[in-house]
Amino acid sequence: MSRGIVLYLHVHQPWRVKPYTVFNTGNDHEYFNATAGDVDNAFIMRKVAEKSYRPMNALLLEMLQTHPEFKVSLSITGTFIEQARLYTPDVIDSFKALVDTGRVEIVAETYYHSLAFFYSREEFERQVKAHEDLILETFSVKPGVFRNTELSYTNSLAKWAEDAGYKGILCEGWDPILGWRSPNHVYRPAGTKNIGLLMKNYRLSDDLAFRFSNRAWEGWPLNTTTYTDWLNTALDGTEGKIINLFMDYETFGEHQWEDTGIFDFMRALPGEWLKNENNTFYTTSEAIDAHQAADVVDVPGVITWADTERDLTAWLGNAMQQEALKYLYELQDDILRSGDDGLINDWRRLQTSDHVYYMCTKWSKDGDVHAYFSPYDSPYDAFLYFMNALRDVRYRLSAHKQHHFTLENSIV
Amino acid sequence: MLGWELPPHNSGGLGVACYYLAKALARQGAEIEFVLPYSAHHPDTEFMNIHSVTDIEPSGRDKSGSFNDIFGAYEASGFAASGSGIFALQQKYSKFAIELVEKSQPSVIHAHDWLTLSAGVAAKEATGVPLVVHVHATEFERAGGGNGNPIVHEIEQEGLMRADRIIAVSNLTRQIIINRYGIPADKVEVSHNGFDLASLGAYTYDNATYTYLEHLKGEGYMVIGTVGRLTLMKGLVQFLHAAKRASEKYDRLAFLVAGDGEQRDQLIELAAELGIADKVFFTGFVRGKQWRDAYSVSDVFVMNSSAEPFGLTALEAAHHDNALIISKQSGVGEVLRSVLRTDYWDTDRLADEIVGLATSKTLLDSLRTDVRNEYARISWDDVAQNCLGIYGSTQQRTAREKVFA
């Protein structure tokens, strides 16, 4: 079988909470409607569409038309699709055009880009189902491969995915897990029978996602010839079958601006890669179909694709983050029982992992300020706004309870 | 009178105290030349002449519009101030004070706190006019039990030694001046701050300001409030620990922390670490309606300062119908009887008192009612009268010293 690049891009925008104070709580039930500043969701969506989604989708379509072998996989969150529909509907159309080529696979995940798997299995499953429905409605396809938020992964998630009928699942190709093994093969998660595991080649992925524009990097400026050389060498040295290039979609145009040359680099990459006739591209499903699992990979703990620790500490590392999600998930049963769609929707939007990420204080310890971009003045502000919004959710909830109480009483 | 700030450009209680003291003094016939380091309009100050040392205008950057912000926060615990413009400004202030005293020939120079102390001493040395120093807080108190800034200490030490008379706002502060600065006891008088009811103005409570807290009260919660700068001397770390202990005993408690300050982030994180983040409400800086409604929405007001020379906010809280818990380290406790007292470090006791109030409506109501009768008697006119008496005896004493010299 041919050796292939598995290019997988993650598309996401959260519903950012506006500066929501004690004085809003109980008075204002709109948490996501900032009309100015760094939390103006409409403004951000339009800006990123201009810089990234439109030019990159145009480029991907061009690459698909130019190279019949080119494939790409995308995971697109529900919160992204909601905002794109509202603020930049043409972006949805351009994604549809990609999917309609038949060579762009959509990967499954939670609708709300949440950490629900670690808090409520039932809620997690509801969000996966909601995402599947939305993808089917929007793109007329049903995903066959699963990725969890921030590529968080553990054995029990793989088992769940297999039981849910997925043929594949994605995770980080983290050295302490792989040991002497290379990420350039399909693997089988411990405790599963059929599902395939694709592990991110983080070195070659991060060359594009993080290092591409770094002038202090010895590889700068990176051209397609050199990079293709690295890709081929990586496979030659490991007898590898696949190179899993996993990254945020917004790498193209937003994290790496157009003037870094990232678009031209990508435009030239397939041609260069395909010069070797053994080389091709795979979607995530195709990679799993095409190759046998090389070994079993055991991940009893939780890994993610974030930070040097590759764990969840950027989301759950401090007491504020833990408190925020504890209080949020405590409301689950009451919220669902309320039957109030608006309330349920807001509660779910607050589950998006970005909210707790903005509360991360790890930067203050390792001094790496830039690693934790946040639209707020500080993690403490992010926490207060979130908590105040959460209290307002409680406030709305209690109005329902009183209503139900009155109804029950009147029936008696 | 040498001041540093006046409302509405004040960052704290000093400006408020200066304003009402000056107003009460004027009512009793005193003529006042009031010196400020900055230029701004101050409404309702026609009873005195205001002199500005510089053309600098108060910062509009934060909501307070307070003058001190121009120089960045003065850090009580560090040396941050030494490199900033604040000392240069004090020198300008001194020069200005000397010229003004020479020109206007007052019978006494009344200086407030360390920021104006050097100017007071310089003007006294240059003109021979007696110097009365009014101590609203010493550096020991601002540092919340720590040592504070040594440069500030030096200015205070020098100023207190050279002052002819010293007015302390409480016995606590007087003892610090005597014990830690070695000032002879007979040079230091106590004059507790006053409280001007009219200063608060007409007001109707708006229960929509803190809608969610009102909602919780409807569900049987008691609201425990504290208002002031989020700074070490306010004992807020201990307050949060007590909140945690109290919440273990009684689950319908909400804690309103109104104000801003350098401890803010630490306190937010501490509330989360203690697992009570949903019970603690941080408002940020509050003014006007939000500020007064913070008192009104509260049932109990806690002043848990580790070092509070006076503590005007406790009287404001009493006026808004709060039961008071006041640390033994807060001067305002010297003038109120119908309050619960506790050591600021005794978190178990504070927790016990909070639970006691939450579980006994009788206790809560009697504290509320009784303290109202007490604070209403505290008047700035009494403080002004004290000051005039001190001015008079100071002039006599310095005159006598001059004769004997």
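The shown structure was predicted, so the numbers you read here are calculated from the model rather than taken from an experiment.

Analysis parameters
- Residues numbered from 1 in each chain as written.
- Chains lettered and ligands numbered in written order.
- Predicted model: local features only at pLDDT ≥ 70, side-chain atom pairs only at ≥ 80, totals over all residues.
- Heavy atoms only, no water.
- Helix = DSSP H or I, 4+ residues; strand = E, 2+ residues; numbered from the N terminus.
- Buried < 20%, exposed > 50% of the residue type's maximum accessible area, 1.4 Å probe, protein only.
- Contact = heavy atoms within 4.5 Å.
- Axes fitted to C-alpha atoms, helices over the stretch in contact; angles between N-to-C directions.
- Left-handed = near helix turned anticlockwise from the far one by under 90°.
- Nonpolar A, V, L, I, M, F, W, Y, C, P; charged D, E, K, R; others polar.
- Pairing = 2+ DSSP bridges.
- Expected span 1.5 Å × (residues − 1).
- Bend = angle between axes of the 7 residues up to and from the residue.
- Polar contact = N/O pair within 3.5 Å; in protein donor to acceptor, adjacent residues only side chain to side chain.
- Buried area = accessible area lost by both parts, 1.4 Å probe.
- Salt bridge = Lys/Arg side-chain N within 4 Å of Asp/Glu carboxyl O.

**A short note on the environment of A:Gln332**
All names here are of chain A. Within the fold, Gln-332 resides in helix H13 (residues 332–338). In this structure Gln-332 comes out as buried when scored by relative accessible area, which is 10%. When the C-alpha positions of Gln-332 and Ile-344 are compared, they lie 9.0 Å apart, and in sequence the two are 12 residues distant. Discounting residues that sit within four places of it in the chain, Gln-332 has contacts with Ser-120, Glu-122, Glu-123, Arg-126 and Trp-347.

**Looking at the packing of helix H2 (residues 86–104) of chain B against helix H3 (residues 113–127) of chain B**
Residues and elements named next belong to chain B. Between H2 and H3, the least distance of the axes is 8 Å, while the angle of their chain directions is 35°. Crossing of H2 against H3: the hand is right-handed. On H3, the residues that touch Ile-86, Phe-87, Gln-90, Tyr-93, Ser-94, Ala-97, Ile-98, Val-101 and Glu-102 of H2 are Trp-114, Leu-115, Thr-116, Ser-118, Ala-119, Ala-122, Ala-123, Ala-126 and Thr-127. The residue inventory of the contact of H2 with H3, partitioned by class, reads 12 nonpolar, five polar and one charged.

**Let's talk about the sheet that holds strand S5 (residues 165–168) of chain B**
Residues and elements named next belong to chain B. The four strands are arranged S3-S4-S5-S6 in an open sheet whose pairing can be described as parallel. Two strands bound the open sheet, and with one partner strand each, they are strand S3 (109–112) and strand S6 (188–190). Each strand axis lies, on average, 25° off the axis of its neighbour in the sheet, ignoring direction. Of the strand pairs in this sheet, strand S4 (residues 131–135) and S5 are connected by four bridges, and their pairing is parallel. Within S5, the residue paired with Val-135 across the bridge is Ala-168.

**Concerning helix H1 (residues 41–66) of chain A**
Residues and elements named next belong to chain A. Over its 26 residues, H1 runs 35 Å from end to end, which matches the ideal 38 Å to within 8%, given 1.5 Å per residue. At Ala-49, H1 shows its largest bend, some 55°. For H1, the side-chain oxygen to backbone nitrogen distance between the N-cap and Ala-42 is 3.3 Å, and the N-cap itself is Asp-40.

**Describing the interface of chain B and chain A**
Taken together, the contact between chain B and chain A spans 25 residues of the former and 20 residues of the latter. Between chain B and chain A, roughly 2,000 Å² of surface is buried when both sides are summed, and carbon and sulfur atoms account for 60% of that area. The three residues of chain B that bury the most area against chain A are B:Tyr212, B:Glu269 and B:Asp278, which together make up 29% of that side's buried surface. Where chain B packs against chain A, one counts two salt bridges. Our count for the contact surface shared by chain B and chain A stands at 12 residue pairs in polar contact (both at pLDDT 80 or more). Counting residues per element, the ones that place at least two in the side of chain B that touches chain A are helix H8 (211–218), helix H10 (264–273) and strand S9 (280–284) of chain B. Here the side of chain B that touches chain A takes seven residues from H10(B), the largest share from any one element. Of the residues contributing to the side of chain B that touches chain A, the split by class is 12 nonpolar, six polar and seven charged.

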